[in-house]
Amino acid sequence: MLQRGYKKKTKDELIKAIDECKSISQLFALVQHEQIELRMQSMCSASNLPPRTPNIPRDPSESPLQRLKDAVRECVMNTR
């Protein structure tokens, strides 16, 4: 039988696909198709929520794309 539509990736395939993304729009398309739920982060002074301590120390020279990939990868590792 001919299968149509989008086939969800396994965890390993998804991690590889995240690493291969070359742009933020590619990464967001992957997040949308895989229905990955990401949470917004805000500055500590912008809300009454306690600040989230990052699990991974951040390099200030790291690109926004790389930081976003790390966040998506962490989400995938914790939920799947």
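Residues numbered from 1 in each chain as written. Predicted model: local features only at pLDDT ≥ 70, side-chain atom pairs only at ≥ 80, totals over all residues. Heavy atoms only, no water.

(A) Molecular detail of the overall build of the protein chain. Helix and strand counts for the protein chain stand at three helices and zero strands. Going from the N terminus to the C terminus, the protein chain shows its helices and strands as α-α-α. For the protein chain, buried positions account for 24% of its 80 residues. Considering only residue pairs separated by 6 or more positions, the protein chain has 68% of its internal contacts joining residues 24 or more positions apart. Working note: accessible area of the protein chain is about 6,700 Å², and carbon and sulfur atoms make up 55% of it. (Helix = DSSP H or I, 4+ residues; strand = E, 2+ residues; numbered from the N terminus. Buried < 20%, exposed > 50% of the residue type's maximum accessible area, 1.4 Å probe, protein only. Contact = heavy atoms within 4.5 Å. Areas by Shrake-Rupley, 256 points an atom, 1.4 Å probe, with all protein chains shown as cover.)

(B) Region of interest: the pattern of salt bridges. A full pass over the atoms with the stated rule returns three salt bridges. Taking the shortest distance from any N to any O, the salt bridge between D70 and R73 comes out at 2.9 Å. Here D70 and its partner R73 are both found in helix α3 (residues 64–79), three residues apart, which amounts to about one turn of the helix. The same class applies to D70 as to R73, namely buried. Via salt bridges that share partners, D19, D70 and R73 belong to a single interconnected network. (Salt bridge = Lys/Arg side-chain N within 4 Å of Asp/Glu carboxyl O.)

(C) Inspection of helix α2 (residues 24–34) at higher detail. Every buried residue of α2 is listed here: L27, L30, V31 and E34. The buried residues of α2 occupy one face: seen down the axis, they fall within an arc of 100°. For α2, the exposed residues lying more than 90 degrees away from the buried face are S25 and Q32. In this structure, the buried residues of α2 make contact with α1 (11–20) and α3. Taken from the residues just after α2, Q35 is the one with a positive phi, measuring 55°. (Arc of directions from axis to C-beta.)

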